[in-house]
Structure formats: C-alpha cells, structure tokens
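# Summary of the model geometry
Take a look at the letters that make up each chain.
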Amino acid sequence: EDIRQVAQELSSLFCEGSYGKILVAYNQFQSVLQFNSTIKQVLPLSMPSEGKEELREKFPFDFKYDAPPQEILDELIPESYVATLFTALLDAQASEHGSRMAAMDSASKNCNEVIRKLTLKMNKLRQAAITTELIEVISGAEALNS
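A few points on the structure. (Residues numbered from 1 in each chain as written. Predicted model: local features only at pLDDT ≥ 70, side-chain atom pairs only at ≥ 80, totals over all residues. Heavy atoms only, no water.)

Taken as a whole, the largest pocket encloses approximately 280 Å³ of empty space. What lines the largest pocket is Leu45, Ser46, Met47, Lys52, Leu55, Leu76, Ile77 and Ser80. Mapped by element, the contributors of at least two residues to the lining of the largest pocket are helix 2 (49–58) and helix 3 (69–145). Residue composition of the lining of the largest pocket, by class: five nonpolar, two polar and one charged. (1 Å grid on protein atoms, 1.4 Å probe; cavity = no way out; pocket = protein on both sides within 12 Å on 5 of 7 lines; lining within 4 Å. Points joined across faces, edges and corners; volume = space filled by probe spheres on them. Helix = DSSP H or I, 4+ residues; strand = E, 2+ residues; numbered from the N terminus. Nonpolar A, V, L, I, M, F, W, Y, C, P; charged D, E, K, R; others polar.)

Take the environment of leucine 13 next. Within the secondary structure, leucine 13 sits in helix 1 (residues 2–15). The class for leucine 13 is partly exposed, based on a relative accessible area of 29%. For the pair formed by leucine 13 and lysine 40, sequence separation is 27 residues and the distance between their alpha carbons is 17 Å. Setting aside chain neighbours within four positions, we find leucine 13 in contact with Ser18 and Tyr19. (Buried < 20%, exposed > 50% of the residue type's maximum accessible area, 1.4 Å probe, protein only. Contact = heavy atoms within 4.5 Å.)

The next thing to look at is unusual backbone geometry. In this structure, proline 44 follows leucine 43 across a cis peptide bond, with omega equal to -5°. With respect to the helices and strands, the residue proline 44 is situated in the loop between strand 2 (34–43) and helix 2.

So, on to the pattern of salt bridges. If you walk through the whole model with that rule in mind, you get five salt bridges. Linking glutamate 53 and arginine 56 is a salt bridge whose minimum nitrogen-to-oxygen distance equals 2.9 Å. Of this pair, glutamate 53 and arginine 56 both sit in helix 2, separated by three residues, roughly a single helical turn. Given the relative accessible area of 40%, glutamate 53 is considered partly exposed. Of the charged contacts in the structure, one is a salt bridge between lysine 109 and aspartate 105, with a shortest N-O distance of 3.4 Å. (Salt bridge = Lys/Arg side-chain N within 4 Å of Asp/Glu carboxyl O.)

Examined bridge by bridge, strand 1 (residues 22–31) and strand 2 share nine bridges and lie antiparallel to one another. Looking at the pairing, valine 24 lines up with lysine 40 of strand 2. Linking strand 1 to strand 2, which pair antiparallel, is a turn of two residues. (Pairing = 2+ DSSP bridges.)

The biggest cluster of nonpolar side chains holds 11 residues, and these are Ile3, Ala7, Ile22, Val24, Tyr26, Val42, Leu43, Tyr81, Val82, Leu85 and Ala88. Among the secondary structure elements, those contributing two or more residues to this core are helix 1, strand 1, strand 2 and helix 3. (Core = buried A, V, L, I, M, F, W, Y, C linked by side-chain atoms within 4.5 Å.)

Here we come to the environment of leucine 73. In this structure, leucine 73 sits in helix 3. Along the sequence, leucine 73 and glycine 20 sit 53 residues apart, while their C-alpha atoms lie 22 Å from each other.

Right, let's get into the packing of aromatic side chains. Within a pair of aromatic rings, the relevant descriptors are the distance that separates the centres and the angle that separates the planes. Inspection of the entire model under this criterion finds one aromatic pair. Ring centres 6.3 Å apart and planes at 90° place the aromatic pair phenylalanine 59 and phenylalanine 61 in the edge-to-face group. Phenylalanine 61 sits in the partly exposed class, given a relative accessible area of 47%. (Phe/Tyr/Trp six-rings, centres within 6.5 Å; stacked < 30°, edge-to-face > 60°.)

Here it is in structure tokens:
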C-alpha cells in the first residue's frame, strides 16, 4: 500500500506537469556480494526501439482480446508502473541486506582472527612468566645448595 501511495503521488505530479519525467534511483540486486547502482525512468513509460523490434519478431501475429484493448491497457499500465516501483524497492532492500550480511561476515572473521592472535600472545606471555618463575626457583635452590 505504501508503494501504491507513492506511485499515486508521483503520477499525479507527472500528470499535472510539475515534472517532465520521473526517475527512480536504487541498488539493483545481483547477488549477496554484488549490486549495481541503477537509475531507471518510470514515467513516462517507454520501451527502447530494439525492444519493440524484438517483440515484433517474437510475436508477429495479432492477439484477440475479450475486453477492448484500451480497457486492458488502462488496467495493465498502472499495475506495471507500480510493479516497477515495487521491484526497485525490493531490489534495494535485498542489496542492503546482502551488504549487511557481507559486513557482518567480514566482522566475524576479523573478530576470530583477533581472538586467535590475542590467545596466542596471552599463551606466550603466560609461558614466559612460568619460565621466569621456574628459573627463579631453580636459581634459589642452587644458591642454597652452594
């Protein structure tokens, strides 16, 4: 519903002429570790000419519809517009979660490495202290025997 409300506000601004076009900027999700920063025009709706030619080649025949084409388009175009905005939102959220997961994984690995290094250092210091105490005890015993 939030996306529908935003879509309605944007389309109203576009239709009243406040803006010539509406663009949405978002991070397009590729994988957990990768995303592409994208700017996409959502209004006015357009299709590149190569996309039109591809569709003409793929569907060279006319479709028959029960409802008049204008009625169908009046329903499909707004839904397509809202779906585009919703997809942008989902991509952005997925990219953010992926980035957070990668950051947390990196932080966990770094933490484990720091723990390993500090444990090793602590063990070396403890061993040095034990060795020093043993030397002192042995030296004291040798001094008493002499």
